[in-house]
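The primary structure of each chain is shown beneath.
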Amino acid sequence: MLFCASMGPVAAAFLFYGVSSLQIDKKQANALPRQADPEGPAEQRQLLRLICAFGLTMLVCGVSYELSRTLYVQMGQFASSDVAPYAVAQACITTLTAIGSIGVALVLITSKGVRGPEACYRLITTFLLAGALLLPAPMLFPNVPAYLPLAIDVAAFQCLGMGMWILVAGLCRRYQTSCLFAFGLIRAAWSAGPLVGMLIGRWLWYGIGLDVAGAFTAACTCVLLTALVNNFVFTENTLARALSIMPTDRKQRFQDRCRAVIERYSLTEREGEIMIMFAKGRNLPYVQEELCLSKSTVSTHRQHIYQKLGVHSAQEMIDLIQEENG
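In this text the structure is predicted, and so the values were computed from the model without any measurement.

Cut-offs and rules
Residues numbered from 1 in each chain as written. Predicted model: local features only at pLDDT ≥ 70, side-chain atom pairs only at ≥ 80, totals over all residues. Heavy atoms only, no water. Helix = DSSP H or I, 4+ residues; strand = E, 2+ residues; numbered from the N terminus. Contact = heavy atoms within 4.5 Å. Areas by Shrake-Rupley, 256 points an atom, 1.4 Å probe, with all protein chains shown as cover. Core = buried A, V, L, I, M, F, W, Y, C linked by side-chain atoms within 4.5 Å. Buried < 20%, exposed > 50% of the residue type's maximum accessible area, 1.4 Å probe, protein only. pLDDT = per-residue confidence, 0-100. Disulfide = S-S within 2.5 Å. Polar contact = N/O pair within 3.5 Å; in protein donor to acceptor, adjacent residues only side chain to side chain. Axes fitted to C-alpha atoms, helices over the stretch in contact; angles between N-to-C directions. Parallel < 35°, antiparallel > 145°, perpendicular 65-115°, else oblique. Nonpolar A, V, L, I, M, F, W, Y, C, P; charged D, E, K, R; others polar. Expected span 1.5 Å × (residues − 1). Arc of directions from axis to C-beta. Salt bridge = Lys/Arg side-chain N within 4 Å of Asp/Glu carboxyl O. Patch = residues over 30% accessible without salt bridge, like charges linked within 9 Å, V, L, I, M, F, W, Y side chains within 5 Å. Left-handed = near helix turned anticlockwise from the far one by under 90°.

Visitor: Hey, could you go over the overall build of the protein for me, with residue numbers and the actual values?
Guide: The secondary structure content of the protein amounts to 14 helices and zero strands. Reading the protein from its N terminus to its C terminus gives the helix and strand order α-α-α-α-α-α-α-α-α-α-α-α-α-α. Of the contacts formed within the protein by residues at least 6 apart in sequence, a portion of 81% connects residues at least 24 apart. On the protein, roughly 18,000 Å² of surface is accessible, and the fraction owed to carbon and sulfur atoms is 64%.

Below, the structure written as C-alpha coordinates:
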(Lines give C-alpha, C1' and ligand atoms only; values in the text may rest on other atoms or scores of the structure.)
Protein backbone atom coordinates (compact mmCIF):
# COMPACT_ATOMS: atom_id res chain seq x y z
CA MET A 1 0.00 0.00 0.00
CA LEU A 2 2.84 2.38 0.78
CA PHE A 3 4.48 1.58 -2.54
CA CYS A 4 1.24 2.25 -4.43
CA ALA A 5 0.67 5.48 -2.53
CA SER A 6 4.18 6.67 -3.36
CA MET A 7 3.73 6.24 -7.14
CA GLY A 8 1.95 9.60 -7.53
CA PRO A 9 4.57 11.76 -5.79
CA VAL A 10 7.42 9.82 -7.41
CA ALA A 11 5.87 10.30 -10.86
CA ALA A 12 5.42 14.02 -10.16
CA ALA A 13 9.07 14.31 -9.12
CA PHE A 14 10.27 12.56 -12.28
CA LEU A 15 8.00 14.76 -14.40
CA PHE A 16 9.32 17.94 -12.77
CA TYR A 17 12.92 16.82 -13.21
CA GLY A 18 12.34 15.82 -16.83
CA VAL A 19 10.67 19.09 -17.79
CA SER A 20 13.23 21.24 -15.98
CA SER A 21 16.12 19.42 -17.69
CA LEU A 22 14.76 19.93 -21.22
CA GLN A 23 16.56 22.47 -23.35
CA ILE A 24 13.68 24.22 -25.12
CA ASP A 25 14.30 26.97 -27.64
CA LYS A 26 11.81 29.75 -26.86
CA LYS A 27 11.71 30.74 -30.53
CA GLN A 28 10.36 27.28 -31.38
CA ALA A 29 8.01 26.99 -28.42
CA ASN A 30 5.02 27.51 -30.72
CA ALA A 31 6.22 25.20 -33.45
CA LEU A 32 3.03 23.16 -33.45
CA PRO A 33 0.28 24.39 -35.78
CA ARG A 34 -2.48 26.53 -34.38
CA GLN A 35 -5.94 25.09 -34.02
CA ALA A 36 -8.39 25.67 -36.82
CA ASP A 37 -11.86 24.65 -37.92
CA PRO A 38 -12.37 21.97 -40.59
CA GLU A 39 -11.69 23.39 -44.02
CA GLY A 40 -14.71 22.68 -46.16
CA PRO A 41 -17.34 19.92 -46.22
CA ALA A 42 -14.82 17.23 -47.12
CA GLU A 43 -12.69 17.83 -44.04
CA GLN A 44 -15.82 18.08 -41.89
CA ARG A 45 -16.96 14.66 -43.11
CA GLN A 46 -13.50 13.28 -42.49
CA LEU A 47 -13.57 14.58 -38.92
CA LEU A 48 -16.97 12.99 -38.23
CA ARG A 49 -15.83 9.69 -39.73
CA LEU A 50 -12.75 9.67 -37.53
CA ILE A 51 -14.77 10.45 -34.41
CA CYS A 52 -17.18 7.61 -35.20
CA ALA A 53 -14.32 5.24 -36.01
CA PHE A 54 -12.44 6.04 -32.78
CA GLY A 55 -15.56 5.79 -30.62
CA LEU A 56 -16.89 2.60 -32.19
CA THR A 57 -13.48 0.94 -32.10
CA MET A 58 -12.97 1.57 -28.40
CA LEU A 59 -16.59 0.66 -27.65
CA VAL A 60 -16.46 -2.72 -29.38
CA CYS A 61 -12.89 -3.56 -28.33
CA GLY A 62 -13.77 -2.47 -24.79
CA VAL A 63 -16.69 -4.91 -24.68
CA SER A 64 -14.48 -7.75 -25.93
CA TYR A 65 -11.64 -6.89 -23.57
CA GLU A 66 -13.67 -6.50 -20.39
CA LEU A 67 -15.79 -9.58 -21.10
CA SER A 68 -12.64 -11.68 -21.39
CA ARG A 69 -10.97 -9.99 -18.43
CA THR A 70 -13.97 -10.49 -16.14
CA LEU A 71 -14.17 -14.19 -16.95
CA TYR A 72 -10.40 -14.64 -16.55
CA VAL A 73 -10.54 -13.01 -13.12
CA GLN A 74 -13.37 -15.27 -12.01
CA MET A 75 -11.74 -18.42 -13.39
CA GLY A 76 -8.42 -17.54 -11.81
CA GLN A 77 -10.04 -16.82 -8.44
CA PHE A 78 -7.72 -13.87 -7.86
CA ALA A 79 -9.90 -12.68 -4.98
CA SER A 80 -8.91 -15.64 -2.79
CA SER A 81 -6.62 -15.42 0.21
CA ASP A 82 -3.62 -16.49 -1.86
CA VAL A 83 -2.37 -13.25 -3.44
CA ALA A 84 0.50 -14.89 -5.33
CA PRO A 85 -1.46 -15.54 -8.57
CA TYR A 86 -2.79 -11.98 -8.57
CA ALA A 87 0.69 -10.57 -7.95
CA VAL A 88 2.10 -12.61 -10.85
CA ALA A 89 -0.74 -11.51 -13.11
CA GLN A 90 -0.20 -7.84 -12.28
CA ALA A 91 3.55 -8.14 -12.79
CA CYS A 92 3.03 -9.66 -16.24
CA ILE A 93 0.40 -7.05 -17.15
CA THR A 94 2.59 -4.15 -16.00
CA THR A 95 5.64 -5.41 -17.88
CA LEU A 96 3.82 -6.13 -21.14
CA THR A 97 1.88 -2.87 -20.97
CA ALA A 98 4.97 -0.75 -20.30
CA ILE A 99 6.99 -2.30 -23.13
CA GLY A 100 4.09 -2.27 -25.57
CA SER A 101 2.96 1.27 -24.76
CA ILE A 102 6.45 2.70 -25.19
CA GLY A 103 6.77 0.89 -28.50
CA VAL A 104 3.39 2.13 -29.73
CA ALA A 105 4.18 5.72 -28.76
CA LEU A 106 7.56 5.65 -30.48
CA VAL A 107 6.13 4.16 -33.66
CA LEU A 108 3.31 6.69 -33.92
CA ILE A 109 5.45 9.71 -33.10
CA THR A 110 8.53 8.89 -35.19
CA SER A 111 7.02 7.06 -38.16
CA LYS A 112 7.02 8.97 -41.45
CA GLY A 113 4.55 6.66 -43.18
CA VAL A 114 1.58 4.45 -42.42
CA ARG A 115 3.33 1.07 -42.61
CA GLY A 116 4.87 1.21 -39.14
CA PRO A 117 1.68 2.31 -37.33
CA GLU A 118 -0.36 -0.16 -39.37
CA ALA A 119 1.93 -3.06 -38.43
CA CYS A 120 1.75 -1.93 -34.79
CA TYR A 121 -2.05 -1.82 -34.91
CA ARG A 122 -2.25 -5.27 -36.51
CA LEU A 123 0.05 -6.67 -33.83
CA ILE A 124 -2.10 -5.25 -31.04
CA THR A 125 -5.31 -6.64 -32.52
CA THR A 126 -3.60 -10.00 -32.96
CA PHE A 127 -2.87 -10.07 -29.23
CA LEU A 128 -6.47 -9.08 -28.54
CA LEU A 129 -7.59 -12.04 -30.64
CA ALA A 130 -5.14 -14.31 -28.81
CA GLY A 131 -6.48 -13.21 -25.44
CA ALA A 132 -10.03 -13.99 -26.57
CA LEU A 133 -9.14 -17.32 -28.18
CA LEU A 134 -7.49 -18.53 -24.96
CA LEU A 135 -10.65 -17.87 -22.96
CA PRO A 136 -11.70 -21.58 -22.70
CA ALA A 137 -8.15 -22.73 -21.83
CA PRO A 138 -8.43 -22.46 -18.02
CA MET A 139 -11.61 -24.55 -18.13
CA LEU A 140 -10.24 -27.18 -20.50
CA PHE A 141 -6.91 -27.42 -18.69
CA PRO A 142 -7.37 -26.75 -14.95
CA ASN A 143 -3.62 -26.82 -14.35
CA VAL A 144 -3.03 -23.96 -16.77
CA PRO A 145 -2.98 -20.63 -14.84
CA ALA A 146 -5.38 -17.94 -15.97
CA TYR A 147 -2.99 -15.06 -15.36
CA LEU A 148 -1.07 -15.52 -18.63
CA PRO A 149 -4.04 -15.07 -21.00
CA LEU A 150 -5.33 -12.38 -18.64
CA ALA A 151 -2.03 -10.51 -18.97
CA ILE A 152 -2.13 -10.80 -22.78
CA ASP A 153 -5.71 -9.54 -22.94
CA VAL A 154 -5.23 -6.58 -20.59
CA ALA A 155 -1.84 -5.53 -21.98
CA ALA A 156 -3.12 -5.63 -25.56
CA PHE A 157 -6.08 -3.39 -24.73
CA GLN A 158 -3.89 -0.98 -22.77
CA CYS A 159 -1.47 -0.72 -25.71
CA LEU A 160 -4.41 -0.11 -28.04
CA GLY A 161 -5.52 2.62 -25.67
CA MET A 162 -2.07 4.23 -25.76
CA GLY A 163 -2.18 4.39 -29.55
CA MET A 164 -5.71 5.77 -29.52
CA TRP A 165 -4.78 8.40 -26.93
CA ILE A 166 -2.04 9.72 -29.20
CA LEU A 167 -4.29 9.80 -32.27
CA VAL A 168 -7.20 11.38 -30.39
CA ALA A 169 -4.85 13.98 -28.89
CA GLY A 170 -3.70 14.86 -32.40
CA LEU A 171 -7.31 15.08 -33.56
CA CYS A 172 -8.29 17.40 -30.70
CA ARG A 173 -5.12 19.49 -31.14
CA ARG A 174 -5.85 20.00 -34.82
CA TYR A 175 -9.43 21.25 -34.64
CA GLN A 176 -10.45 24.12 -32.42
CA THR A 177 -14.24 24.18 -32.09
CA SER A 178 -14.68 20.41 -32.43
CA CYS A 179 -12.14 19.20 -29.86
CA LEU A 180 -14.52 19.03 -26.88
CA PHE A 181 -17.21 17.33 -28.94
CA ALA A 182 -14.73 14.82 -30.35
CA PHE A 183 -13.07 14.03 -27.02
CA GLY A 184 -16.38 13.79 -25.14
CA LEU A 185 -17.97 11.42 -27.65
CA ILE A 186 -14.92 9.20 -27.99
CA ARG A 187 -14.34 9.07 -24.24
CA ALA A 188 -18.00 8.22 -23.59
CA ALA A 189 -17.82 5.26 -25.98
CA TRP A 190 -14.43 4.33 -24.54
CA SER A 191 -15.93 4.10 -21.04
CA ALA A 192 -19.15 2.40 -22.10
CA GLY A 193 -17.40 -0.54 -23.77
CA PRO A 194 -15.71 -2.01 -20.67
CA LEU A 195 -18.84 -1.39 -18.62
CA VAL A 196 -21.00 -3.40 -21.02
CA GLY A 197 -18.37 -6.13 -21.22
CA MET A 198 -18.15 -6.39 -17.42
CA LEU A 199 -21.93 -6.65 -17.08
CA ILE A 200 -22.10 -9.39 -19.70
CA GLY A 201 -19.21 -11.27 -18.11
CA ARG A 202 -20.73 -11.16 -14.64
CA TRP A 203 -24.09 -12.22 -16.04
CA LEU A 204 -22.48 -15.22 -17.74
CA TRP A 205 -20.61 -16.23 -14.60
CA TYR A 206 -23.17 -15.57 -11.87
CA GLY A 207 -26.43 -15.53 -13.81
CA ILE A 208 -26.41 -18.63 -15.98
CA GLY A 209 -23.19 -20.29 -14.85
CA LEU A 210 -20.31 -20.49 -17.28
CA ASP A 211 -19.38 -23.88 -18.74
CA VAL A 212 -17.04 -24.94 -21.53
CA ALA A 213 -19.67 -24.33 -24.22
CA GLY A 214 -20.36 -20.87 -22.80
CA ALA A 215 -16.65 -20.08 -22.72
CA PHE A 216 -16.30 -21.05 -26.37
CA THR A 217 -19.32 -18.91 -27.26
CA ALA A 218 -17.89 -15.93 -25.41
CA ALA A 219 -14.50 -16.44 -27.06
CA CYS A 220 -16.04 -16.62 -30.55
CA THR A 221 -18.08 -13.49 -29.83
CA CYS A 222 -14.98 -11.56 -28.75
CA VAL A 223 -13.03 -12.75 -31.80
CA LEU A 224 -15.88 -11.75 -34.11
CA LEU A 225 -16.16 -8.29 -32.58
CA THR A 226 -12.42 -7.66 -32.85
CA ALA A 227 -12.31 -8.94 -36.44
CA LEU A 228 -15.22 -6.71 -37.47
CA VAL A 229 -13.52 -3.65 -36.01
CA ASN A 230 -10.21 -4.56 -37.61
CA ASN A 231 -11.65 -5.01 -41.09
CA PHE A 232 -14.58 -2.60 -41.30
CA VAL A 233 -14.35 0.15 -38.66
CA PHE A 234 -10.71 1.08 -38.03
CA THR A 235 -9.02 0.07 -41.27
CA GLU A 236 -5.78 1.08 -42.96
CA ASN A 237 -7.52 4.04 -44.59
CA THR A 238 -8.86 5.21 -41.23
CA LEU A 239 -5.39 5.03 -39.70
CA ALA A 240 -3.94 6.94 -42.66
CA ARG A 241 -6.55 9.71 -42.25
CA ALA A 242 -5.82 9.93 -38.52
CA LEU A 243 -2.08 10.16 -39.10
CA SER A 244 -2.54 12.80 -41.80
CA ILE A 245 -3.91 15.31 -39.28
CA MET A 246 -1.33 14.71 -36.57
CA PRO A 247 0.04 18.16 -35.65
CA THR A 248 3.53 18.67 -37.01
CA ASP A 249 5.31 21.78 -38.13
CA ARG A 250 5.98 20.26 -41.57
CA LYS A 251 2.30 19.63 -42.25
CA GLN A 252 1.36 23.12 -41.14
CA ARG A 253 3.87 24.64 -43.55
CA PHE A 254 2.33 22.55 -46.34
CA GLN A 255 -1.17 23.77 -45.45
CA ASP A 256 0.01 27.38 -45.38
CA ARG A 257 1.63 27.03 -48.80
CA CYS A 258 -1.54 25.48 -50.22
CA ARG A 259 -3.59 28.41 -48.92
CA ALA A 260 -1.10 30.87 -50.40
CA VAL A 261 -1.34 29.18 -53.80
CA ILE A 262 -5.14 29.17 -53.64
CA GLU A 263 -5.22 32.90 -52.91
CA ARG A 264 -2.53 33.85 -55.44
CA TYR A 265 -4.13 32.00 -58.36
CA SER A 266 -7.76 32.74 -57.33
CA LEU A 267 -8.91 29.16 -57.04
CA THR A 268 -12.48 28.54 -55.95
CA GLU A 269 -13.26 26.77 -52.67
CA ARG A 270 -13.98 23.50 -54.47
CA GLU A 271 -10.86 23.78 -56.61
CA GLY A 272 -8.82 24.44 -53.49
CA GLU A 273 -10.16 21.29 -51.81
CA ILE A 274 -9.37 19.18 -54.84
CA MET A 275 -5.92 20.71 -55.27
CA ILE A 276 -4.99 19.92 -51.65
CA MET A 277 -6.17 16.32 -52.02
CA PHE A 278 -4.17 15.75 -55.19
CA ALA A 279 -1.17 17.48 -53.63
CA LYS A 280 -1.35 15.00 -50.75
CA GLY A 281 -1.10 12.15 -53.24
CA ARG A 282 -4.75 11.15 -53.30
CA ASN A 283 -5.99 9.47 -56.46
CA LEU A 284 -9.10 10.23 -58.51
CA PRO A 285 -11.40 7.57 -56.92
CA TYR A 286 -10.50 8.81 -53.44
CA VAL A 287 -11.40 12.41 -54.33
CA GLN A 288 -14.66 11.23 -55.90
CA GLU A 289 -15.65 9.34 -52.75
CA GLU A 290 -14.65 12.08 -50.31
CA LEU A 291 -16.40 14.91 -52.18
CA CYS A 292 -19.31 12.82 -53.55
CA LEU A 293 -18.58 13.97 -57.11
CA SER A 294 -18.56 12.17 -60.44
CA LYS A 295 -15.36 11.25 -62.21
CA SER A 296 -15.97 13.76 -65.01
CA THR A 297 -16.61 16.59 -62.52
CA VAL A 298 -13.38 15.93 -60.63
CA SER A 299 -11.44 15.67 -63.91
CA THR A 300 -12.89 18.97 -65.09
CA HIS A 301 -11.93 20.69 -61.81
CA ARG A 302 -8.42 19.27 -62.09
CA GLN A 303 -8.05 20.64 -65.63
CA HIS A 304 -9.17 24.09 -64.47
CA ILE A 305 -6.67 23.93 -61.58
CA TYR A 306 -3.82 23.03 -63.93
CA GLN A 307 -4.81 25.86 -66.29
CA LYS A 308 -4.91 28.46 -63.51
CA LEU A 309 -1.61 27.29 -62.04
CA GLY A 310 0.06 26.96 -65.45
CA VAL A 311 1.10 23.33 -64.86
CA HIS A 312 0.51 20.10 -66.74
CA SER A 313 0.83 17.36 -64.10
CA ALA A 314 0.34 16.64 -60.42
CA GLN A 315 4.09 16.65 -59.84
CA GLU A 316 4.44 20.15 -61.33
CA MET A 317 1.58 21.28 -59.10
CA ILE A 318 3.32 19.83 -56.02
CA ASP A 319 6.59 21.52 -57.03
CA LEU A 320 4.75 24.82 -57.37
CA ILE A 321 3.27 24.45 -53.88
CA GLN A 322 6.64 23.53 -52.37
CA GLU A 323 8.27 26.57 -53.96
CA GLU A 324 5.63 28.90 -52.49
CA ASN A 325 7.28 31.02 -49.77
CA GLY A 326 10.26 28.66 -49.98
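Visitor: An account of the nonpolar core is requested, with residue identities and associated values reported.
Guide: Counting 56 residues, the largest nonpolar core has Phe-54, Leu-71, Leu-160, Leu-167, Leu-171 and Phe-234 as its most contacted members. Breaking this core down by element, the ones donating at least two residues are helix H2 (40–76), helix H3 (84–110), helix H4 (115–133), helix H6 (147–174), helix H7 (179–208), helix H8 (212–233) and helix H9 (236–244). Filtering out sequence-adjacent residues up to four positions away, Phe-234 remains in contact with Ala-53, Phe-54, Thr-57, Tyr-121, Met-164, Leu-167, Val-229 and Leu-239. Membership of the second largest hydrophobic core comes to 23 residues, among which are Phe-254, Ala-279, Tyr-306 and Met-317.

Visitor: Tell me about the confidence of the model for the protein, and name the residues and values.
Guide: Looking at the protein, pLDDT values average 83 and 88% of them are 70 or higher. Predicted confidence is poor over residues 26–32, with pLDDT under 50, and the contacts of this stretch with residues over four places away or in other chains come to three contacts.

Visitor: Explain the state of the cysteines to me, and be specific about the residues and the numbers.
Guide: On inspection of all chains with the given rule, the structure shows zero disulfides. Free cysteine: Cys-159, not disulfide-bonded; nearest cysteine sulfur from Cys-120 at 7.8 Å. When its relative accessible area of 7% is taken as the criterion, Cys-159 is described as buried.

Visitor: Go over the side chain of Thr-238, please, and point to the residues and values.
Guide: Position of Thr-238 relative to the elements: it lies in helix H9. Under the relative-accessibility criterion, Thr-238 is labelled buried at 6%. At 3.3 Å, the side chain of Thr-238 and the backbone oxygen of Val-233 are in polar contact. In contact with Thr-238, not counting residues within four places along its chain, are Leu-50, Ala-53 and Val-233.

Visitor: Hey, could you go over the environment of Phe-232 for me, with residue numbers and the actual values?
Guide: Positionally, Phe-232 belongs in helix H8. Using a relative accessible area of 67% as the deciding quantity, one classes Phe-232 as exposed. Separated by 175 residues in sequence, Phe-232 and Thr-57 have C-alpha atoms that sit 9.9 Å apart.

Visitor: Which residues make up the packing of helix H12 (residues 284–291) against helix H13 (residues 295–309), and what values go with them?
Guide: At their nearest, the axes of H12 and H13 sit 9 Å apart, and the two run at 110° to each other. Here H13 runs roughly perpendicular to H12, going by the angle between their axes. Each of Leu-284, Val-287 and Gln-288 in H12 lies in contact with H13, whose residues at this interface are Lys-295, Val-298 and Ser-299. Tallied by class, the residues present in the contact of H12 with H13 amount to three nonpolar, two polar and one charged.

Visitor: How would you summarise H3 if you had to cite specific residues and measurements?
Guide: Relative to the 39 Å expected for 27 residues at 1.5 Å per residue, H3 spans 39 Å between its end C-alpha atoms, a close match to the ideal helical length. Contact partners of the buried residues in H3: H4, H6 and H9.

Visitor: So what's going on with H13? Which residues, and what values?
Guide: With 15 residues, H13 extends 21 Å between its outermost C-alpha atoms, agreeing within 8% with the 21 Å of an ideal straight helix rising 1.5 Å per residue. Among all positions of H13, only Val-298, Ser-299, His-301, Ile-305, Tyr-306 and Leu-309 are buried. For H13, the angular spread of buried residues about the axis comes to 160°, placing them on one side. Exposed and facing more than 90 degrees away from the buried side of H13 are Ser-296 and Gln-307.

Visitor: I'd like a rundown of the pattern of salt bridges, residues and numbers included.
Guide: If you walk through the whole model with that rule in mind, you get six salt bridges. The shortest N-O distance in the salt bridge between Arg-69 and Glu-66 comes to 2.8 Å. Separated by three residues within a single helix, Arg-69 and Glu-66 lie in helix H2, roughly one turn from each other. Residue classification places Arg-69 among the partly exposed residues on the basis of a relative accessible area of 27%. Three or more residues joined by partner-sharing salt bridges are found here, namely Arg-49, Arg-241 and Glu-290.

Visitor: If you had to explain a nonpolar patch on the surface to someone new, which residues and values would you point to?
Guide: Together, Leu-140, Phe-141, Val-144, Val-212 and Phe-216 make up a nonpolar patch on the protein surface, roughly 410 Å² of accessible area in all. Within the secondary structure, Phe-141 is located in the loop between helix H5 (137–140) and H6.

Visitor: An account of the packing of H4 against H9 is requested, with residue identities and associated values reported.
Guide: Interhelical geometry of H4 versus H9 gives an angle of 130° and a closest axis separation of 10 Å. One element, H4, and the other, H9, form an angle in the oblique class. Seen from above, H4 lies across H9 with right-handed handedness. Residues Pro-117, Glu-118 and Arg-122 of H4 form the contact with H9, whose own contacting residues are Glu-236, Leu-239 and Leu-243.

Visitor: Can you break down unusual backbone geometry residue by residue, with the values?
Guide: Positive phi is not limited to glycine here, since Ser-266 has a value of about 55°. Looking at where Ser-266 falls in the secondary structure, it is placed in the loop between helix H10 (249–264) and helix H11 (269–279). Owing to a relative accessible area of 54%, Ser-266 belongs among the exposed residues under this scheme. One non-glycine residue, Cys-292, lies in the positive phi region at around 55°. For Cys-292, the location among the structural elements is in the loop between H12 and H13. A residue is classified by how much of its surface remains accessible, and Cys-292, at 61% relative accessible area, is exposed.

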